[in-house]
Amino acid sequence: MKSNETMTKLPANPERATLDGKNKFLGFWFFLGGETVLFASLFGVYLGLRNATNGGVSANELFELPLVFIATMLLLTSSLTSVFATMALKTNHFKRMIGWFVVTGLLGLAFLGLEIYEFNHYVHEYGHTIKSSAWGSAFYTLVGTHGAHVFVGISWITILIIRNLRRGMDLYTAPKFYLFALYWHFIDVVWIFIFTVVYLMGKVG
Amino acid sequence: MSAHAYKKKNPVWDWLTTVDHKKIGILYLASGAFFFLLGGLEAILLRVQLLYPEFDFVGAETFNQLLTMHGTTMIFLAAMPLIFGFMNAIVPLQIGARDVAFPFVNSLGFWLFTAGGILLNLGWFLGGAPDAGWTGYAPLSTTSPGNGVDFYVLGLQISGIGTLIGGINFLVTIINMRAPGMTFMRMPLFTWSSFITSGLILFAFPALTIGLALLMFDRLFGSQFFAAEAGGNPIIYEHLFWIFGHPEVYILVLPAFGMFSEIIATFARKRLFGYSAMVFATALIGFLGFMVWVHHMFTVGLGPIANSIFAVATMLIAVPTGVKIFNWLFTMWGGKVSFPTANLFAVGFIPSFVLGGMTGVMLSVPPADYQYHDSYFVVAHFHYVIVGGVVFGLFAGMYYWWPKIFGTVLNEFLGKLHFWLFFIGFHLTFFPMHFLGLMGMPRRVYTYLSGQSLDEANFAATMGAFLMGLATIIMVWNIIQTSVKGKKAGNDPWDGRTLEWAIASPAPEYNFAQTPLVRGLDAWWLEKRAGNKAMVAAEPLDDIHMPDSSILPLVLSLGLFIAALAAIYSNWIIAIGGLVITAAAMILRSVIDYHGYHIHKEDLPAEGREGK
């Protein structure tokens, strides 16, 4: 009955009810601002090098949109489920929140699996590697950095869920879950730009 | 748990695990001072090599390493931590806060910086230091043999992460932790400039992170970003570097501007002239600082349109900077100006920096820049702004805030000797370099030929460097003497204007026993004029919450250090082991609850209870 007990105790917006929570909330937004510059730099590098194929395979020959479409749908859906989790957090439904975060993590894992398959496919079927051309370097660095962020996110939510499964929701843990949700949305937004700039422009641009 | 607060701690363990921003400030100042002396030594060796034409002192190869390490050390390992040291020691006091927003992150920032700084300098002992210039331009850096540049890339990467999270900490601290009544437009100028600098750090450093990461990939993993033969483009590195590098100049100089604003007002015994204009000028410089990076690349050949746009943006920066110069002059106008060492450095800064600003406007004109580019004229320019601006600011801040940080006053006679020797030495070194540059002497070259009218100016420059070295020795002697038998400082030795002077010197670990109520700009000065002996308290005396200290920041940084060192030698098993240490420290931080502890109000010393 722990979750019922906390339901009555926690204020609205428990993630920002303490000074510590407010600090984390603001600090994390700033961190995401820095991450935006980080990815913007990588996108700039990619745009500068996207035609530097060094005589090898080109984007148009390489990419298969159905695969990328499935990956995109997985990640967009995971963003939706993390919104459901955040809504549960705000209304203090701890178990529901954990459930939606588990779904979010599993969708992220599926996305990561597809990305590993995709990279493996490119390397072994097309000889498209980080060394084969400047475009290859830019492609794997940009998409790989995003993939690494997904991996970090999955590890993060796994640890949070395991650590807090039994203790329930309180003002100390609420900011932690909320920040993960923010991070996850950010990853999702970056992917939308990757989908557009890397894959769509690679096919038609 | 008050027993915890007063338990006798092992001092070494205490310094390794501290999350107290004042102690972290002292750690930053100490390590920054060490690297400053190191970078200064490198500069003197450079100047000895250039003492006579075709002189053979250290030789070309060592000269390249000294030159690279002098620039890198002074910018990243001396100026940055010294600024962070003052920000840590002073900003929370100035806004009436008990602590920073993220004490743990703050400590992590320091240890990451230290790990990176040590890694960067290990090259000296492990087969050669970095030698591709402090800018590390590709393809020179990607093809440089040996491991020197790897130390540069990974050392800067680690210390850069530390700087970035330190910046986030100060942004949040200044927004969320201000005392009641401390509105944005009542914040002291040093706090304002620290705030804007932290914003610049947040948006500039990620570009460096990417630039360095791509260099690392090219060097360690065989990627082709900057390899023209595989379609790569080395210009991309220049862009990334300067998108970071130009804001970095303002990251360094804006806090120094803030220090001058405090010091000049205090010793003129007048309110700062044009406070709001100063705030907006600082913000405008910070904003424009992101739109001028191409002026470092005029000769790359980006075309007349790009060059013109960036030239105009560069010239624009002279406007808010000029506003500041005039405001400092008008602050002194009609004031009761006194000249202790802190104010000597502050006033000496004005003409020195103006000279650097003038040459900056000269350099912003692209056709003229084609002549000045890569010559000693540029060396003269940036030393006038960085030494004349940043270093003078750090010295002024040191003499001004030493009493608040350490509780003693630096010797004024030695201080004035330090100022005059340094001031004369500085101009003797760098003023002749303008003419060396105009006569065509290229920078970064280890020697020159005789009979080209370059001998006298080079000789004078080296003599000036010796004078600056002598001044620095006097400063070190002053610091040692003051630490051993220094005069005890009162709470408010300069009749200061801002909140840090309202509390004990050095400040107690909880800063303010009761959070003060701020009733206007120059909060402490106002209370003193109203006849009050202390700030009015904004809350009743109560238990004070303190954060837990932690060894994890050191462990986390050590893990990254091990990983980077192993990666340089392509020993991937140890590298992964280092990353596992780092990851484990992060996970521990997440799963352990840090609730802090309380200092009970009964345990506060009587003099700490203000405003009763």
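As the structure is a computational prediction, the values presented were derived from the model and not from experiment. (Residues numbered from 1 in each chain as written. Chains lettered and ligands numbered in written order. Predicted model: local features only at pLDDT ≥ 70, side-chain atom pairs only at ≥ 80, totals over all residues.)

Trainee: Sorry if this is basic, but what is going on with the overall build of chain B here?
Mentor: A tally of regular secondary structure across chain B gives 19 helices and four strands. Against the 2.2 N^0.38 benchmark of 25 Å for 612 residues, chain B shows a C-alpha radius of gyration of 24 Å, consistent with a compact globule. Across its three principal axes, chain B shows a C-alpha extent of roughly 75 × 65 × 50 Å. A buried classification covers 55% of the 612 residues belonging to chain B. A fraction of 82% describes how many contacts in chain B between residues 6 or more apart in sequence connect residues 24 or more apart. (Helix = DSSP H or I, 4+ residues; strand = E, 2+ residues; numbered from the N terminus. Rg over C-alpha atoms; globule rule 2.2 N^0.38 Å. Buried ≥ 20, exposed ≤ 12 C-beta atoms within 10 Å, placed from the backbone. Contact = placed C-beta atoms within 7 Å.)

Trainee: Is there a simple way to think about the overall build of chain A in this case?
Mentor: Scanning chain A for helices and strands turns up seven helices and zero strands. When the helices and strands of chain A are listed from N to C terminus, the series reads α-α-α-α-α-α-α. Once the C-alpha set of chain A is aligned to its principal axes, its extents read approximately 65 × 30 × 25 Å. Of all 205 residues assigned to chain A, the portion counted as buried reaches 39%. Contacts in chain A between residues at least 24 apart in sequence constitute 82% of all its contacts with a sequence separation of at least 6.

Trainee: Help me understand the confidence of the model for chain A in this model?
Mentor: Reading predicted coordinates in detail is not appropriate for stretches of low pLDDT. All names here are of chain A. Put simply, chain A has an average pLDDT of 92, and 96% of its residues get 70 or more. Within chain A, the element-level pLDDT minimum falls on helix 1 (residues 2-9), averaging 50, and the maximum on helix 2 (residues 19-49), averaging 97. Scored below 50 in pLDDT, residues 1-7 makes 10 contacts in the model with residues more than four places away or belonging to other chains. (pLDDT = per-residue confidence, 0-100.)

Trainee: What exactly am I supposed to notice about unusual backbone geometry here?
Mentor: For residues other than glycine, phi is negative in most cases, and the peptide bonds are mostly trans. All names here are of chain B. Cis geometry marks the peptide bond from Ala 138 to Pro 139; its omega dihedral reads 0°. Cis geometry is adopted by the peptide bond preceding Pro 506, which originates at Ser 505 and carries an omega value of -15°. Tracing the chain through its elements places Pro 506 in the loop between strand 2 (487-488) and helix 17 (523-529). Its identity is not glycine, yet Asn 511 carries a phi of approximately 65°, on the positive side.

Trainee: Is there a simple way to explain helix 7 (residues 174-204) of chain A in this structure?
Mentor: Each α-helix winds once per 3.6 residues, and so residues spaced three or four apart point in a common direction. With 31 residues, helix 7 of chain A should cover 45 Å at 1.5 Å per step; its first-to-last C-alpha distance of 44 Å lies within 8% of that length. In the structure, helix 7 of chain A departs most strongly from a straight axis at Phe 195 of chain A, where the bend amounts to approximately 25°. (Expected span 1.5 Å × (residues − 1). Bend = angle between axes of the 7 residues up to and from the residue.)

Trainee: Mind showing me how you'd approach the environment of Val 536 of chain B here?
Mentor: Residue and element names in this part refer to chain B. One can find Val 536 in the loop between helix 17 and strand 3 (544-546). Given 16 C-beta atoms within a 10 Å radius, Val 536 is considered partly exposed. When the C-alpha positions of Val 536 and Val 518 are compared, they lie 7.9 Å apart, and in sequence the two are 18 residues distant.

Trainee: Explain helix 5 (residues 94-126) of chain A to me, please; I cannot follow it from the model alone.
Mentor: Residues and elements named next belong to chain A. In this model, helix 5 (33 residues) spans 47 Å end to end at C-alpha, consistent with the 48 Å of a helix rising 1.5 Å per residue. Residues of helix 5 that are buried include every one of Phe 94, Met 97, Ile 98, Trp 100, Phe 101, Thr 104, Gly 105, Leu 107, Gly 108, Phe 111 and Glu 115, and no others. Looking one or two residues beyond helix 5, the residue adopting positive phi is Gly 127, at roughly 65°.

Trainee: What is the right way to read the environment of Leu 49 of chain A from this model?
Mentor: Relative to the elements of secondary structure, Leu 49 of chain A occurs in helix 2. Residues Leu 49 of chain A and Ser 133 of chain A, 84 residues apart in the sequence, show an inter-C-alpha distance of 9.3 Å. Not counting residues within four places of it along the chain, the set of residues in contact with Leu 49 of chain A comprises Ala 134, Trp 135 and Ala 138 of chain A together with Gly 231, Gly 232 and Asn 233 of chain B.

Trainee: Please explain the confidence of the model for chain B as it appears in this structure.
Mentor: All names here are of chain B. The predicted model of chain B has a mean per-residue pLDDT of 95, with 98% of residues at 70 or higher. Looking over chain B, one finds the lowest element-wise mean pLDDT in helix 1 (residues 2-6), namely 45, and the highest in helix 15 (residues 412-438), namely 98. Segment residues 1-6: pLDDT under 50, and 11 contacts once partners within four positions in sequence are set aside and those in other chains are kept. This model gives residues 608-612 a pLDDT under 50, and the stretch forms 15 contacts once residues within four places in sequence are excluded.

Trainee: Got a minute to help me understand the packing of helix 4 (residues 59-94) of chain B against helix 14 (residues 376-406) of chain B in this structure?
Mentor: Helix-helix packing: each pair is described by the crossing angle between the helix axes and the interaxial distance. Residues and elements named next belong to chain B. Between helix 4 and helix 14, whose axes approach to 11 Å, the crossing angle comes to 35°. Judged by the sense of rotation from one axis to the other, the crossing of helix 4 with helix 14 is left-handed. Seen from helix 4, the contacting residues are Ala 79, Leu 82, Phe 86, Ala 89 and Ile 90; seen from helix 14, they are Val 390, Leu 394, Gly 397, Trp 401 and Ile 405. (Axes fitted to C-alpha atoms, helices over the stretch in contact; angles between N-to-C directions. Left-handed = near helix turned anticlockwise from the far one by under 90°.)

Trainee: I keep staring at the interface of chain A and chain B and nothing clicks. Help me out?
Mentor: It is common to give the size of an interface as the accessible area lost on bringing the parts into contact. Listed as interface residues are 29 residues of chain A and, on the opposing side, 32 residues of chain B. For the side of chain A that touches chain B, the elements supplying multiple residues, two or more each, are helix 2 and helix 6 (134-164) of chain A. It is helix 2 of chain A that contributes the most residues to the side of chain A that touches chain B, 15 residues altogether. Looking at the side of chain A that touches chain B residue by residue, the class counts come to 15 nonpolar, 11 polar and three charged. (Nonpolar A, V, L, I, M, F, W, Y, C, P; charged D, E, K, R; others polar.)

Trainee: Looking at this model, I keep getting lost on the nonpolar core. Mind explaining?
Mentor: Residue and element names in this part refer to chain B. Phe 260, Ala 396 and Ala 564 are the most contacted members of the largest nonpolar core, which totals 237 residues. In terms of residue count, helix 9 (residues 234-268) provides more of this core than any other element does, 22 residues in total. In contact with Ala 564, other than residues within four places in its own chain, are Leu 119, Leu 154 and Ile 158. Core analysis: the next-biggest nonpolar cluster, separate from the first, contains six residues, Phe 63, Met 69, Ala 129 and Tyr 446 among them. (Core = buried A, V, L, I, M, F, W, Y, C linked by C-beta atoms within 7 Å.)

Trainee: Looking at this structure, how should I read the packing of helix 4 (residues 65-90) of chain A against helix 7 of chain A?
Mentor: Residues and elements named next belong to chain A. The interhelical angle for the contact between helix 4 and helix 7, taken along N-to-C directions, is 160°, at an axis separation of 10 Å. If you check the angle between helix 4 and helix 7, you find them roughly antiparallel. As for how helix 4 packs across helix 7, the hand of that crossing is left-handed. Residues Leu 65, Val 68, Thr 72, Leu 75, Leu 76, Ser 78, Ser 79, Ser 82, Ala 85, Thr 86 and Leu 89 of helix 4 lie in contact with helix 7, whose contacting residues are Ala 174, Phe 177, Tyr 178, Ala 181, Trp 184, His 185, Asp 188, Trp 191, Phe 195, Tyr 199 and Lys 203. Taken together, the residues of the contact of helix 4 with helix 7 sort by class into 14 nonpolar, six polar and two charged. (Parallel < 35°, antiparallel > 145°, perpendicular 65-115°, else oblique.)

Trainee: Help me understand the environment of Phe 190 of chain B, please; the structure alone is not making it clear to me.
Mentor: All names here are of chain B. Looking at the element boundaries, Phe 190 is found in helix 8 (residues 189-221). Considered as a pair, Phe 190 and Glu 248 are 58 residues apart in the sequence and their alpha carbons are 17 Å apart. Among all residues touching Phe 190, those that are not within four sequence positions of it are Ile 90, Gln 94, Pro 255, Gly 258, Met 259 and Glu 262.

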